[in-house]
Amino acid sequence: MRHFFLICLPILLMGKAYTQPADTLIQPSTPPEATATHSQMSLKVTDMQGQSWKDMPLWLINPEQPGVVYQAVTNSRGQAYFLLPKGASYQVNAKDQPAFGEVKTLNDGYVRSRYTLFYAPKTYTETERGDTVFQEVPPTQQPIRSRILLRLLVKNFEEQPLPDEDIYFNYQNSGKVFAVTTGADGQALLMLPRGDSIQLSTAFVPNVSGFELPDDDRLGTLRLTLQTIGKEAFLKRAAERARLAARRDSLYELARARDSIAAARDSLRLLSGDYDYLFLMNSGVNMKQILEKVGEQAAAEQEQLSENEQLYELTGESVKSAFYRNRAGWSSNVIVTDLTGSMHPYMDEVLLWHALAVVPGAQNRYLFFNDGDRKPEKPIGATGGFYTTEIPDMPALLQTMQSTTNGGSGGESEENDIEALLEAMRMMGEGDELVLIADNYSDVRDMELLPQLRTPVRVVLAGNLDHGINEDYLQIAWATGGSIHTLTEDIETLKTVNEGQLITIGSHRYRMSGGIFIKE
(Lines give C-alpha, C1' and ligand atoms only; values in the text may rest on other atoms or scores of the structure.)
Protein backbone atom coordinates (compact mmCIF):
# COMPACT_ATOMS: atom_id res chain seq x y z
CA MET A 1 0.00 0.00 0.00
CA ARG A 2 1.10 3.60 -0.41
CA HIS A 3 1.70 6.04 2.45
CA PHE A 4 2.50 9.69 1.77
CA PHE A 5 3.74 12.19 4.34
CA LEU A 6 4.54 15.76 3.25
CA ILE A 7 6.46 17.87 5.75
CA CYS A 8 6.31 21.59 4.93
CA LEU A 9 8.66 24.18 6.41
CA PRO A 10 9.56 27.76 5.38
CA ILE A 11 11.58 27.77 2.19
CA LEU A 12 14.64 28.58 0.28
CA LEU A 13 16.55 27.79 -2.93
CA MET A 14 17.30 26.72 -6.52
CA GLY A 15 19.14 26.85 -9.78
CA LYS A 16 22.38 27.43 -11.54
CA ALA A 17 25.59 28.78 -10.04
CA TYR A 18 25.28 32.53 -9.36
CA THR A 19 27.48 34.85 -11.43
CA GLN A 20 28.30 38.21 -9.86
CA PRO A 21 27.66 41.16 -12.23
CA ALA A 22 30.06 44.08 -12.54
CA ASP A 23 27.91 46.67 -10.67
CA THR A 24 28.17 45.13 -7.18
CA LEU A 25 27.72 47.13 -4.00
CA ILE A 26 29.67 45.60 -1.11
CA GLN A 27 27.72 45.88 2.14
CA PRO A 28 29.21 46.66 5.57
CA SER A 29 30.07 43.89 8.02
CA THR A 30 28.32 45.77 10.86
CA PRO A 31 24.72 47.06 10.92
CA PRO A 32 24.49 50.31 8.90
CA GLU A 33 22.27 53.21 9.95
CA ALA A 34 18.90 53.48 8.21
CA THR A 35 18.24 56.73 6.32
CA ALA A 36 15.25 58.54 4.88
CA THR A 37 15.67 56.65 1.58
CA HIS A 38 17.30 53.39 2.66
CA SER A 39 16.29 50.63 5.11
CA GLN A 40 18.65 48.64 7.29
CA MET A 41 18.18 44.90 6.93
CA SER A 42 19.60 42.09 9.07
CA LEU A 43 19.42 38.77 7.23
CA LYS A 44 20.13 35.52 9.11
CA VAL A 45 20.65 32.20 7.31
CA THR A 46 20.22 28.86 9.11
CA ASP A 47 19.80 25.20 8.24
CA MET A 48 16.71 23.13 9.09
CA GLN A 49 18.08 22.44 12.59
CA GLY A 50 18.55 26.14 13.28
CA GLN A 51 22.34 26.10 12.94
CA SER A 52 23.81 29.28 11.46
CA TRP A 53 25.57 29.40 8.09
CA LYS A 54 28.70 31.47 8.67
CA ASP A 55 31.04 33.01 6.04
CA MET A 56 28.36 32.50 3.39
CA PRO A 57 28.37 35.02 0.49
CA LEU A 58 24.92 36.41 -0.36
CA TRP A 59 23.76 38.57 -3.27
CA LEU A 60 20.51 40.56 -3.25
CA ILE A 61 18.93 41.73 -6.51
CA ASN A 62 15.88 43.90 -7.17
CA PRO A 63 14.29 42.28 -10.29
CA GLU A 64 13.26 45.76 -11.44
CA GLN A 65 16.92 46.89 -11.28
CA PRO A 66 18.84 43.73 -12.26
CA GLY A 67 22.04 45.66 -12.97
CA VAL A 68 22.63 46.48 -9.31
CA VAL A 69 23.68 43.77 -6.86
CA TYR A 70 24.08 44.06 -3.08
CA GLN A 71 26.71 41.68 -1.69
CA ALA A 72 27.41 40.67 1.92
CA VAL A 73 28.92 37.74 3.81
CA THR A 74 27.36 36.18 6.90
CA ASN A 75 29.28 36.49 10.16
CA SER A 76 29.88 33.83 12.80
CA ARG A 77 26.23 34.09 13.87
CA GLY A 78 25.00 33.57 10.31
CA GLN A 79 23.96 37.22 9.92
CA ALA A 80 24.59 39.60 7.03
CA TYR A 81 23.72 43.33 6.91
CA PHE A 82 22.38 45.41 4.04
CA LEU A 83 21.46 49.02 3.37
CA LEU A 84 18.75 48.83 0.72
CA PRO A 85 16.47 51.29 -1.04
CA LYS A 86 13.08 51.33 0.67
CA GLY A 87 9.83 49.94 -0.80
CA ALA A 88 11.34 47.19 -2.95
CA SER A 89 11.53 43.41 -3.21
CA TYR A 90 14.81 41.55 -3.44
CA GLN A 91 15.82 38.04 -4.48
CA VAL A 92 18.36 36.39 -2.18
CA ASN A 93 20.99 34.39 -4.07
CA ALA A 94 23.62 31.91 -2.95
CA LYS A 95 26.51 30.66 -5.04
CA ASP A 96 24.89 27.32 -5.90
CA GLN A 97 21.25 28.43 -5.81
CA PRO A 98 19.98 31.71 -7.27
CA ALA A 99 16.72 33.11 -5.90
CA PHE A 100 16.62 30.78 -2.90
CA GLY A 101 14.65 33.36 -0.93
CA GLU A 102 12.89 36.71 -1.11
CA VAL A 103 12.84 39.76 1.20
CA LYS A 104 11.14 43.18 1.13
CA THR A 105 11.89 46.62 2.52
CA LEU A 106 9.11 48.84 3.88
CA ASN A 107 8.32 52.07 2.06
CA ASP A 108 9.22 54.18 5.10
CA GLY A 109 12.35 56.05 6.09
CA TYR A 110 14.63 55.16 9.01
CA VAL A 111 13.31 51.58 9.17
CA ARG A 112 15.14 48.45 10.30
CA SER A 113 14.00 44.91 9.48
CA ARG A 114 15.08 41.37 10.21
CA TYR A 115 14.67 38.17 8.17
CA THR A 116 15.60 34.55 8.77
CA LEU A 117 15.93 32.24 5.77
CA PHE A 118 16.44 28.50 5.69
CA TYR A 119 19.13 27.26 3.35
CA ALA A 120 20.35 23.78 2.39
CA PRO A 121 23.28 23.30 0.02
CA LYS A 122 22.77 21.47 -3.24
CA THR A 123 25.00 18.41 -2.75
CA TYR A 124 23.25 15.94 -5.07
CA THR A 125 24.28 15.36 -8.68
CA GLU A 126 22.17 14.32 -11.65
CA THR A 127 22.72 13.25 -15.22
CA GLU A 128 20.27 12.87 -18.10
CA ARG A 129 20.23 10.11 -20.67
CA GLY A 130 17.50 10.88 -23.13
CA ASP A 131 14.42 11.83 -21.11
CA THR A 132 15.53 9.85 -18.05
CA VAL A 133 17.23 11.55 -15.09
CA PHE A 134 19.58 9.63 -12.78
CA GLN A 135 20.71 11.11 -9.47
CA GLU A 136 23.24 10.55 -6.73
CA VAL A 137 21.71 11.93 -3.52
CA PRO A 138 23.80 11.77 -0.32
CA PRO A 139 22.02 11.01 2.98
CA THR A 140 22.79 14.54 4.21
CA GLN A 141 20.87 16.26 1.40
CA GLN A 142 17.98 18.46 2.55
CA PRO A 143 15.04 19.72 0.44
CA ILE A 144 15.61 22.92 -1.48
CA ARG A 145 13.29 25.50 -2.97
CA SER A 146 13.06 23.92 -6.41
CA ARG A 147 13.08 20.27 -5.28
CA ILE A 148 11.18 18.07 -2.84
CA LEU A 149 13.29 15.47 -1.08
CA LEU A 150 11.75 12.02 -1.59
CA ARG A 151 12.51 9.31 0.95
CA LEU A 152 11.33 6.10 -0.70
CA LEU A 153 10.85 2.69 0.92
CA VAL A 154 9.93 -0.29 -1.28
CA LYS A 155 8.83 -3.55 0.34
CA ASN A 156 6.90 -6.68 -0.57
CA PHE A 157 3.55 -7.74 0.82
CA GLU A 158 5.30 -9.65 3.61
CA GLU A 159 6.70 -6.28 4.81
CA GLN A 160 10.24 -7.21 3.74
CA PRO A 161 12.37 -4.48 2.08
CA LEU A 162 13.08 -5.00 -1.61
CA PRO A 163 16.68 -4.19 -2.62
CA ASP A 164 17.81 -3.39 -6.18
CA GLU A 165 14.29 -2.43 -7.30
CA ASP A 166 14.15 -0.01 -10.22
CA ILE A 167 11.47 2.65 -9.68
CA TYR A 168 10.44 5.30 -12.22
CA PHE A 169 8.72 8.64 -11.60
CA ASN A 170 7.08 9.76 -14.84
CA TYR A 171 6.32 13.50 -15.05
CA GLN A 172 3.11 13.95 -17.02
CA ASN A 173 3.66 17.54 -18.16
CA SER A 174 7.41 17.75 -18.78
CA GLY A 175 7.80 14.16 -20.01
CA LYS A 176 10.85 13.65 -17.80
CA VAL A 177 11.43 10.37 -16.01
CA PHE A 178 13.36 10.24 -12.73
CA ALA A 179 14.82 6.77 -12.13
CA VAL A 180 16.12 5.37 -8.87
CA THR A 181 17.26 1.96 -7.59
CA THR A 182 16.69 0.95 -3.98
CA GLY A 183 19.59 0.01 -1.73
CA ALA A 184 20.06 -3.09 0.39
CA ASP A 185 17.53 -1.73 2.90
CA GLY A 186 14.89 -1.14 0.20
CA GLN A 187 15.30 2.64 0.49
CA ALA A 188 16.30 5.37 -1.95
CA LEU A 189 16.52 9.17 -2.12
CA LEU A 190 15.47 11.48 -4.95
CA MET A 191 15.26 15.23 -5.41
CA LEU A 192 12.06 15.75 -7.39
CA PRO A 193 11.10 18.99 -9.16
CA ARG A 194 7.93 20.66 -7.98
CA GLY A 195 4.73 21.42 -9.79
CA ASP A 196 3.76 18.38 -11.86
CA SER A 197 1.65 15.23 -11.88
CA ILE A 198 3.61 12.01 -11.45
CA GLN A 199 2.89 8.41 -12.35
CA LEU A 200 4.99 5.89 -10.44
CA SER A 201 6.07 2.66 -12.15
CA THR A 202 8.23 -0.33 -11.32
CA ALA A 203 10.24 -2.41 -13.77
CA PHE A 204 7.24 -4.73 -14.28
CA VAL A 205 4.22 -2.74 -13.09
CA PRO A 206 3.42 0.49 -14.99
CA ASN A 207 1.50 3.32 -13.34
CA VAL A 208 1.28 1.66 -9.95
CA SER A 209 0.27 4.97 -8.37
CA GLY A 210 -0.08 8.65 -9.11
CA PHE A 211 0.27 11.85 -7.10
CA GLU A 212 0.76 15.61 -7.39
CA LEU A 213 3.79 17.62 -6.25
CA PRO A 214 2.96 21.18 -5.11
CA ASP A 215 4.46 24.22 -6.79
CA ASP A 216 4.92 26.61 -3.87
CA ASP A 217 7.58 28.08 -1.60
CA ARG A 218 7.65 25.42 1.08
CA LEU A 219 10.57 23.28 2.11
CA GLY A 220 9.24 19.74 1.69
CA THR A 221 10.10 16.12 2.39
CA LEU A 222 7.93 13.39 0.90
CA ARG A 223 8.02 9.98 2.54
CA LEU A 224 6.65 7.30 0.25
CA THR A 225 6.20 3.61 1.04
CA LEU A 226 5.46 1.34 -1.92
CA GLN A 227 4.38 -2.28 -1.51
CA THR A 228 4.70 -4.47 -4.57
CA ILE A 229 6.04 -7.71 -5.96
CA GLY A 230 9.79 -7.41 -6.50
CA LYS A 231 11.44 -7.94 -9.87
CA GLU A 232 13.12 -11.08 -8.57
CA ALA A 233 9.69 -12.61 -7.87
CA PHE A 234 8.41 -11.51 -11.29
CA LEU A 235 11.39 -13.02 -13.09
CA LYS A 236 11.12 -16.22 -11.09
CA ARG A 237 7.43 -16.49 -11.94
CA ALA A 238 8.04 -15.87 -15.65
CA ALA A 239 10.85 -18.44 -15.68
CA GLU A 240 8.62 -21.02 -14.02
CA ARG A 241 5.84 -20.45 -16.57
CA ALA A 242 8.35 -20.78 -19.40
CA ARG A 243 9.75 -23.99 -17.87
CA LEU A 244 6.32 -25.56 -17.51
CA ALA A 245 5.32 -24.51 -21.03
CA ALA A 246 8.56 -25.91 -22.48
CA ARG A 247 8.05 -29.19 -20.63
CA ARG A 248 4.48 -29.49 -21.88
CA ASP A 249 5.46 -28.57 -25.44
CA SER A 250 8.37 -31.01 -25.48
CA LEU A 251 6.08 -33.85 -24.41
CA TYR A 252 3.61 -32.83 -27.11
CA GLU A 253 6.30 -32.71 -29.78
CA LEU A 254 7.56 -36.12 -28.67
CA ALA A 255 4.07 -37.54 -29.13
CA ARG A 256 3.75 -35.91 -32.57
CA ALA A 257 7.11 -37.32 -33.63
CA ARG A 258 5.94 -40.77 -32.56
CA ASP A 259 2.71 -40.33 -34.52
CA SER A 260 4.60 -39.11 -37.58
CA ILE A 261 6.41 -42.43 -37.74
CA ALA A 262 3.07 -44.20 -37.53
CA ALA A 263 1.65 -41.90 -40.20
CA ALA A 264 4.45 -42.81 -42.55
CA ARG A 265 3.47 -46.50 -42.21
CA ASP A 266 -0.26 -46.18 -42.18
CA SER A 267 -2.03 -42.86 -41.62
CA LEU A 268 -5.32 -44.62 -41.01
CA ARG A 269 -3.94 -46.14 -37.80
CA LEU A 270 -3.99 -42.65 -36.28
CA LEU A 271 -7.74 -42.63 -36.59
CA SER A 272 -8.22 -45.30 -33.98
CA GLY A 273 -6.95 -43.57 -30.85
CA ASP A 274 -5.78 -40.23 -29.46
CA TYR A 275 -6.79 -37.67 -32.05
CA ASP A 276 -5.10 -34.52 -33.22
CA TYR A 277 -7.32 -33.62 -36.14
CA LEU A 278 -5.21 -30.77 -37.45
CA PHE A 279 -2.16 -32.99 -37.32
CA LEU A 280 -4.07 -35.63 -39.28
CA MET A 281 -4.86 -33.09 -42.01
CA ASN A 282 -1.20 -32.14 -42.27
CA SER A 283 -0.30 -35.85 -42.35
CA GLY A 284 -2.36 -36.42 -45.50
CA VAL A 285 -5.54 -37.92 -44.05
CA ASN A 286 -8.41 -36.66 -46.21
CA MET A 287 -11.07 -34.32 -44.90
CA LYS A 288 -13.91 -36.85 -45.21
CA GLN A 289 -12.20 -39.37 -42.92
CA ILE A 290 -11.40 -36.67 -40.36
CA LEU A 291 -14.98 -35.38 -40.34
CA GLU A 292 -16.28 -38.92 -39.85
CA LYS A 293 -14.04 -39.41 -36.82
CA VAL A 294 -14.97 -36.00 -35.40
CA GLY A 295 -18.61 -36.97 -35.70
CA GLU A 296 -18.04 -40.34 -34.05
CA GLN A 297 -16.19 -38.78 -31.14
CA ALA A 298 -18.83 -36.07 -30.74
CA ALA A 299 -21.60 -38.69 -30.65
CA ALA A 300 -19.73 -40.71 -28.03
CA GLU A 301 -19.23 -37.64 -25.87
CA GLN A 302 -22.89 -36.68 -26.20
CA GLU A 303 -23.86 -40.06 -24.80
CA GLN A 304 -21.37 -39.77 -21.94
CA LEU A 305 -22.58 -36.25 -21.11
CA SER A 306 -26.13 -37.53 -20.80
CA GLU A 307 -24.90 -39.85 -18.06
CA ASN A 308 -22.45 -37.46 -16.35
CA GLU A 309 -22.48 -33.69 -16.81
CA GLN A 310 -19.07 -33.44 -15.08
CA LEU A 311 -17.48 -35.47 -17.88
CA TYR A 312 -15.04 -32.75 -18.95
CA GLU A 313 -13.99 -31.91 -15.42
CA LEU A 314 -13.14 -35.58 -14.93
CA THR A 315 -11.20 -35.77 -18.21
CA GLY A 316 -9.39 -32.48 -17.51
CA GLU A 317 -10.60 -30.73 -20.69
CA SER A 318 -10.86 -27.13 -19.48
CA VAL A 319 -12.05 -25.58 -22.76
CA LYS A 320 -14.98 -27.94 -23.27
CA SER A 321 -15.75 -27.88 -19.53
CA ALA A 322 -16.08 -24.07 -19.47
CA PHE A 323 -18.23 -23.95 -22.60
CA TYR A 324 -20.48 -26.78 -21.40
CA ARG A 325 -21.12 -25.15 -18.01
CA ASN A 326 -22.04 -21.88 -19.72
CA ARG A 327 -23.98 -23.35 -22.65
CA ALA A 328 -27.21 -21.61 -21.65
CA GLY A 329 -25.69 -18.11 -21.68
CA TRP A 330 -23.13 -18.44 -24.46
CA SER A 331 -25.31 -19.27 -27.43
CA SER A 332 -23.83 -16.68 -29.76
CA ASN A 333 -20.11 -16.16 -29.51
CA VAL A 334 -17.14 -14.68 -31.27
CA ILE A 335 -14.45 -17.10 -30.11
CA VAL A 336 -10.85 -15.87 -30.21
CA THR A 337 -8.30 -18.67 -30.00
CA ASP A 338 -4.54 -18.54 -29.63
CA LEU A 339 -3.19 -21.13 -32.08
CA THR A 340 0.50 -20.57 -31.48
CA GLY A 341 2.57 -23.69 -30.86
CA SER A 342 1.80 -23.93 -27.17
CA MET A 343 -1.92 -24.26 -27.86
CA HIS A 344 -1.73 -27.25 -30.22
CA PRO A 345 -2.79 -29.72 -27.51
CA TYR A 346 -6.10 -27.84 -27.09
CA MET A 347 -7.17 -27.48 -30.73
CA ASP A 348 -9.25 -30.64 -30.68
CA GLU A 349 -11.29 -29.25 -27.79
CA VAL A 350 -12.30 -26.26 -29.93
CA LEU A 351 -13.23 -28.55 -32.82
CA LEU A 352 -15.14 -31.01 -30.70
CA TRP A 353 -17.11 -28.31 -28.92
CA HIS A 354 -18.30 -27.02 -32.28
CA ALA A 355 -19.08 -30.56 -33.46
CA LEU A 356 -21.05 -31.39 -30.33
CA ALA A 357 -23.66 -28.75 -31.25
CA VAL A 358 -24.85 -28.75 -27.63
CA VAL A 359 -26.67 -25.44 -28.15
CA PRO A 360 -29.19 -25.76 -31.01
CA GLY A 361 -28.93 -22.86 -33.43
CA ALA A 362 -25.73 -21.52 -31.91
CA GLN A 363 -24.06 -18.91 -34.11
CA ASN A 364 -20.39 -19.16 -33.24
CA ARG A 365 -17.81 -17.28 -35.28
CA TYR A 366 -14.09 -17.83 -34.88
CA LEU A 367 -10.93 -15.78 -35.00
CA PHE A 368 -7.64 -17.67 -34.71
CA PHE A 369 -4.27 -15.95 -34.34
CA ASN A 370 -0.64 -17.01 -34.55
CA ASP A 371 1.17 -13.85 -33.33
CA GLY A 372 2.31 -12.36 -36.58
CA ASP A 373 2.69 -14.90 -39.43
CA ARG A 374 6.41 -15.34 -38.67
CA LYS A 375 7.11 -11.59 -38.93
CA PRO A 376 10.61 -10.71 -37.70
CA GLU A 377 9.24 -7.47 -36.24
CA LYS A 378 6.01 -7.46 -34.23
CA PRO A 379 4.94 -3.87 -33.52
CA ILE A 380 2.32 -3.44 -30.83
CA GLY A 381 -1.10 -3.13 -32.46
CA ALA A 382 0.12 -4.11 -35.93
CA THR A 383 1.36 -7.68 -35.49
CA GLY A 384 -1.51 -9.47 -37.25
CA GLY A 385 -1.63 -13.18 -37.95
CA PHE A 386 -5.45 -13.34 -37.85
CA TYR A 387 -7.64 -15.90 -39.62
CA THR A 388 -11.42 -15.82 -39.36
CA THR A 389 -14.42 -17.88 -40.34
CA GLU A 390 -18.05 -16.91 -39.95
CA ILE A 391 -19.27 -20.08 -41.69
CA PRO A 392 -20.44 -22.44 -38.93
CA ASP A 393 -19.36 -25.76 -40.44
CA MET A 394 -16.56 -28.19 -39.68
CA PRO A 395 -14.67 -28.04 -43.01
CA ALA A 396 -14.39 -24.25 -42.83
CA LEU A 397 -13.29 -24.45 -39.20
CA LEU A 398 -10.61 -27.08 -39.90
CA GLN A 399 -9.29 -25.26 -42.94
CA THR A 400 -9.13 -21.93 -41.08
CA MET A 401 -7.24 -23.53 -38.24
CA GLN A 402 -4.85 -25.16 -40.68
CA SER A 403 -4.23 -21.83 -42.45
CA THR A 404 -3.53 -20.19 -39.08
CA THR A 405 -0.95 -22.75 -37.96
CA ASN A 406 0.65 -22.92 -41.41
CA GLY A 407 0.97 -19.14 -41.38
CA GLY A 408 2.97 -19.09 -38.16
CA SER A 409 3.39 -20.60 -34.74
CA GLY A 410 4.30 -17.68 -32.48
CA GLY A 411 7.86 -18.55 -31.53
CA GLU A 412 7.72 -16.41 -28.39
CA SER A 413 6.18 -16.80 -24.96
CA GLU A 414 4.25 -13.52 -25.26
CA GLU A 415 1.26 -13.25 -27.62
CA ASN A 416 -0.80 -10.44 -29.20
CA ASP A 417 -4.08 -11.34 -27.46
CA ILE A 418 -5.42 -7.77 -27.12
CA GLU A 419 -4.87 -6.98 -30.78
CA ALA A 420 -6.73 -10.19 -31.68
CA LEU A 421 -9.62 -9.28 -29.36
CA LEU A 422 -9.87 -5.81 -30.89
CA GLU A 423 -10.04 -7.40 -34.34
CA ALA A 424 -12.75 -9.80 -33.12
CA MET A 425 -14.87 -6.91 -31.81
CA ARG A 426 -15.54 -5.98 -35.44
CA MET A 427 -17.18 -9.38 -35.94
CA MET A 428 -19.61 -8.97 -33.06
CA GLY A 429 -23.32 -8.40 -33.38
CA GLU A 430 -25.98 -7.54 -30.84
CA GLY A 431 -26.07 -10.03 -27.97
CA ASP A 432 -22.76 -11.68 -28.85
CA GLU A 433 -20.28 -12.83 -26.22
CA LEU A 434 -16.56 -12.26 -26.81
CA VAL A 435 -14.63 -15.34 -25.65
CA LEU A 436 -10.84 -15.69 -25.49
CA ILE A 437 -9.32 -19.17 -25.30
CA ALA A 438 -5.83 -18.53 -23.97
CA ASP A 439 -2.75 -20.38 -22.81
CA ASN A 440 -2.33 -19.72 -19.09
CA TYR A 441 1.45 -20.11 -19.49
CA SER A 442 1.74 -17.34 -22.12
CA ASP A 443 1.97 -13.67 -21.16
CA VAL A 444 0.17 -10.98 -23.15
CA ARG A 445 2.58 -8.79 -25.07
CA ASP A 446 0.24 -5.90 -25.91
CA MET A 447 -1.46 -5.09 -22.58
CA GLU A 448 -1.05 -1.39 -23.33
CA LEU A 449 -3.91 -1.75 -25.84
CA LEU A 450 -6.31 -2.97 -23.15
CA PRO A 451 -8.08 0.41 -22.63
CA GLN A 452 -9.34 0.13 -26.23
CA LEU A 453 -11.37 -3.01 -25.40
CA ARG A 454 -14.91 -1.90 -24.66
CA THR A 455 -16.80 -5.16 -24.37
CA PRO A 456 -16.67 -7.85 -21.67
CA VAL A 457 -14.20 -10.64 -22.39
CA ARG A 458 -14.85 -14.19 -21.19
CA VAL A 459 -11.40 -15.70 -20.71
CA VAL A 460 -11.26 -19.51 -20.94
CA LEU A 461 -7.91 -20.72 -19.66
CA ALA A 462 -6.17 -23.75 -21.10
CA GLY A 463 -3.19 -25.25 -19.33
CA ASN A 464 -2.23 -26.19 -15.81
CA LEU A 465 -3.29 -23.76 -13.08
CA ASP A 466 -1.29 -25.31 -10.24
CA HIS A 467 0.90 -22.19 -10.12
CA GLY A 468 -2.04 -19.80 -10.28
CA ILE A 469 -3.80 -17.79 -12.95
CA ASN A 470 -1.65 -15.59 -15.14
CA GLU A 471 -2.34 -12.03 -13.94
CA ASP A 472 -2.59 -10.72 -17.50
CA TYR A 473 -5.83 -12.64 -18.02
CA LEU A 474 -7.23 -11.52 -14.68
CA GLN A 475 -6.48 -7.97 -15.78
CA ILE A 476 -8.27 -8.42 -19.13
CA ALA A 477 -11.36 -9.83 -17.46
CA TRP A 478 -11.42 -7.17 -14.71
CA ALA A 479 -10.81 -4.17 -16.99
CA THR A 480 -13.53 -5.19 -19.47
CA GLY A 481 -16.11 -6.32 -16.90
CA GLY A 482 -15.69 -9.90 -18.08
CA SER A 483 -14.90 -13.18 -16.34
CA ILE A 484 -12.41 -16.05 -15.96
CA HIS A 485 -13.31 -19.68 -16.65
CA THR A 486 -11.20 -22.67 -15.65
CA LEU A 487 -11.72 -26.43 -15.57
CA THR A 488 -14.02 -26.20 -12.54
CA GLU A 489 -14.73 -22.51 -11.85
CA ASP A 490 -16.55 -19.54 -13.35
CA ILE A 491 -15.18 -16.38 -11.74
CA GLU A 492 -17.75 -13.69 -12.49
CA THR A 493 -17.07 -11.18 -9.68
CA LEU A 494 -13.74 -9.69 -10.76
CA LYS A 495 -15.42 -6.45 -11.85
CA THR A 496 -16.25 -5.71 -8.19
CA VAL A 497 -12.62 -5.89 -6.99
CA ASN A 498 -11.37 -2.52 -5.72
CA GLU A 499 -7.92 -1.01 -5.22
CA GLY A 500 -6.03 -2.70 -2.40
CA GLN A 501 -8.45 -5.62 -2.18
CA LEU A 502 -7.11 -9.14 -1.71
CA ILE A 503 -8.92 -12.03 -3.40
CA THR A 504 -8.36 -15.78 -3.30
CA ILE A 505 -8.73 -18.02 -6.35
CA GLY A 506 -8.03 -21.66 -5.69
CA SER A 507 -5.01 -21.78 -3.40
CA HIS A 508 -3.56 -18.49 -4.63
CA ARG A 509 -4.05 -14.90 -3.48
CA TYR A 510 -4.10 -11.83 -5.72
CA ARG A 511 -4.01 -8.19 -4.68
CA MET A 512 -5.31 -5.28 -6.72
CA SER A 513 -2.48 -2.75 -6.54
CA GLY A 514 -2.22 0.33 -8.75
CA GLY A 515 -5.04 -0.93 -10.95
CA ILE A 516 -3.44 -4.29 -11.71
CA PHE A 517 -3.53 -7.77 -10.18
CA ILE A 518 -0.41 -9.02 -8.41
CA LYS A 519 -0.12 -12.61 -7.19
CA GLU A 520 1.31 -12.70 -3.68
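Data block above holds the structure.
Visitor: I would appreciate a short explanation of the overall build of the chain in the present structure.
Guide: What the chain contains, in helices and strands, is nine helices and 30 strands. With 520 residues in all, the chain has 51% of them scored as buried. Taking all contacts inside the chain whose residues are at least 6 apart in sequence as the whole, residues at least 24 apart take part in 66%. Counting every atom, the chain has about 24000 Å² of accessible surface; 50% of that belongs to carbon and sulfur.

Visitor: Explain the sheet that holds strand E30 (residues 516–519) here, please?
Guide: The strands making up a sheet associate through backbone hydrogen bonding, with each pair oriented either parallel or antiparallel. The strand order E28-E29-E30 describes an open sheet built from three strands, whose pairing is antiparallel. Two strands close off the open sheet at either side, each with one partner strand: strand E28 (502–505) and E30. Direction aside, the axes of adjacent strands within the sheet are offset by 35° on average. Taken together, the four bridges between strand E29 (residues 508–513) and E30 define a ladder with antiparallel strand orientation. Note that in E30 the partner of Ser 513 across the bridge is Ile 516. Strands E28, E29 and E30 of the sheet are contacted by helix H9 (residues 471–480), whose axis makes an angle of about 150° with E30.

Visitor: Would you mind showing me how to read the sheet that holds strand E6 (residues 79–85) here?
Guide: Taken together, three strands build an open sheet; the order of strands is E6-E3-E9 and the sheet is mixed. Unpaired on one side and paired on the other, E6 and strand E9 (112–118) mark the two borders of the sheet. Ignoring which end each strand starts from, the neighbouring axes of this sheet average 25° apart. When strand E3 (residues 38–46) meets E9, the two strands line up parallel, connected through seven bridges. Within E9, the position partnered with Val 45 by the bridge is Leu 117.

Visitor: Looking at this model, I keep getting lost on the pairing of strand E11 (residues 132–136). Mind explaining?
Guide: On a regular strand, each side chain points to the face opposite its neighbour's, so the side chains alternate between the two faces of the sheet. As defined by bridge partners, strand E10 (residues 125–129) adjoins E11 across five bridges and the pair is classed as antiparallel. Following the sheet pairing, Thr 127 is matched in E11 by Phe 134.

Visitor: How do you make sense of the packing of aromatic side chains when you look at a structure like this?
Guide: Given two aromatic rings, their pairing is described by the distance between the two centres and the angle made by the two planes. For the structure on display, the rule yields ten aromatic pairs. Ring centres of Trp 53 and Tyr 119 lie 5.4 Å apart, and the angle between their planes is 80°; on these two criteria the pair is classed as edge-to-face. Of the two residues, Trp 53 is situated in the loop between E3 and strand E4 (57–61) and Tyr 119 in the loop between E9 and E10; the sequence distance between them amounts to 66 residues. Under the relative-accessibility criterion, Trp 53 is labelled partly exposed at 27%. Taking the relative accessible area as the measure of exposure, Tyr 119 reaches 8% and is therefore buried. Ring geometry for Phe 323 versus Trp 353: centroids 5.6 Å apart, planes at 35°, classification tilted. Here Phe 323 is found in helix H5 (residues 318–325), whereas its partner Trp 353 is found in helix H6 (residues 347–356), with 30 residues between them in sequence. Here the aromatic cluster, defined as three or more aromatic residues joined through ring pairs, consists of Trp 53, Phe 100 and Tyr 119.

Visitor: For this particular structure, what's the right way to read the pattern of salt bridges?
Guide: One side chain can pair with another of opposite charge once the charged atoms of both are near each other. All told, the structure shown has 14 salt bridges when counted by the stated rule. Among the salt bridges present, the one from Glu 313 reaches Arg 325, with a minimum N-O distance of 3.9 Å. Pair noted here: Glu 313 is in helix H4 (residues 311–315) and Arg 325 is in helix H5, with a separation of twelve residues, a long-range link. Taking the relative accessible area as the measure of exposure, Glu 313 reaches 28% and is therefore partly exposed.

What counts and what doesn't
Residues numbered from 1 in each chain as written. Predicted model: local features only at pLDDT ≥ 70, side-chain atom pairs only at ≥ 80, totals over all residues. Heavy atoms only, no water. Helix = DSSP H or I, 4+ residues; strand = E, 2+ residues; numbered from the N terminus. Buried < 20%, exposed > 50% of the residue type's maximum accessible area, 1.4 Å probe, protein only. Contact = heavy atoms within 4.5 Å. Areas by Shrake-Rupley, 256 points an atom, 1.4 Å probe, with all protein chains shown as cover. Pairing = 2+ DSSP bridges. Axes fitted to C-alpha atoms, helices over the stretch in contact; angles between N-to-C directions. Phe/Tyr/Trp six-rings, centres within 6.5 Å; stacked < 30°, edge-to-face > 60°. Salt bridge = Lys/Arg side-chain N within 4 Å of Asp/Glu carboxyl O.

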